[in-house]
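Here is how the chains run, residue by residue.
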Amino acid sequence: MSHLDEISHVLFGKPSSELGDIERRVLHRSKERKTVSEDTNAAFVAGQGFGDRMADSIARIGGSWGFIIAFLVFLVVWAVANTVLLTRDAFDPYPFIFLNLLLSMVAAIQAPIIMMSQNRQATKDRFDASKDYEVNLKSEVELISLHNKIDTVLLREIAELRADVGRLQGQLARYRDAGPPQA
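Residues numbered from 1 in each chain as written. Predicted model: local features only at pLDDT ≥ 70, side-chain atom pairs only at ≥ 80, totals over all residues. Heavy atoms only, no water.

**Some words on the overall build of the protein**
Okay, so step 1: Within the protein, the regular secondary structure consists of six helices and zero strands.
Okay, so step 2: The secondary structure elements of the protein, listed N-terminal to C-terminal, are α-α-α-α-α-α.
Okay, so step 3: On C-alpha atoms alone, the protein measures out to a radius of gyration of 36 Å, which is more than a quarter above the 16 Å that the 2.2 N^0.38 rule sets for 183 residues.
Okay, so step 4: For the protein, the spread of C-alpha atoms along the principal axes amounts to about 135 × 45 × 20 Å.
Okay, so step 5: Burial status across the protein gives 19% buried among its 183 residues.
Okay, so step 6: Contacts in the protein between residues far apart in sequence, at least 24 positions, make up 59% of those at least 6 positions apart. (Helix = DSSP H or I, 4+ residues; strand = E, 2+ residues; numbered from the N terminus. Rg over C-alpha atoms; globule rule 2.2 N^0.38 Å. Buried < 20%, exposed > 50% of the residue type's maximum accessible area, 1.4 Å probe, protein only. Contact = heavy atoms within 4.5 Å.)

In structure tokens:
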């Protein structure tokens, strides 16, 4: 049995050939005394393309109070301009057919962009969960390793203490057998 198989049995209860990629990577990182934690935001953003970043920005802006208030102001201005100010020559008279077309087009474009951003967020959440699992697994491996080391040290010290007690009992028995000192 190889050293890796022995460690795998102690830590995971299965041979190294049955370990998953993450478990194997954590075991090797632990053996090399290297960290597995990393900045998941930076790692995820590094894998994003221009379109991904653009969709996230649009979703971030479209879901903000600033956008909602600005859009409400735009709608009010549009309605006031086409009903009160431009009573004779309104470019989009009531019931605002052109505005309705614009809103439909914005919704048709904005909805898939927001969905793309939500899909990427779900992917990022899975990536974060995977990294959290790795870090937690490495922590468990390190804790088990520390417990094993402490147990080994304690067992060795207990054995040494038992040997010392046995030696002292032997000396005490020899003193008793020799009797009181002669004057």
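**Remarks on the pattern of salt bridges**
Okay, so step 1: Counted according to the given criterion, the structure contains seven salt bridges.
Okay, so step 2: A salt bridge links aspartate 56 to arginine 120, with the shortest nitrogen-to-oxygen separation between them at 3.2 Å. Residue aspartate 56 is found in helix H4 (residues 50-62), and its partner arginine 120 is found in helix H6 (residues 97-178); the two are separated by 64 residues along the sequence.
Okay, so step 3: Taken together, the salt bridges that share partners define one network made up of Asp52, Asp56 and Arg120. (Salt bridge = Lys/Arg side-chain N within 4 Å of Asp/Glu carboxyl O.)

**Comments concerning the packing of aromatic side chains**
Okay, so step 1: This model, assessed by the stated rule, comprises six aromatic pairs.
Okay, so step 2: On the numbers, 5.5 Å between centres and 20° between planes, the contact of phenylalanine 67 with phenylalanine 71 is stacked. Here phenylalanine 71 and phenylalanine 67 lie together in helix H5 (residues 65-85), a separation of four residues that amounts to about one turn.
Okay, so step 3: Here phenylalanine 67 falls in the partly exposed class, since its relative accessible area comes to 27%.
Okay, so step 4: Through successive ring pairs, a cluster of aromatic residues spans Phe67, Phe71, Phe74, Trp78, Phe91 and Phe98. (Phe/Tyr/Trp six-rings, centres within 6.5 Å; stacked < 30°, edge-to-face > 60°.)

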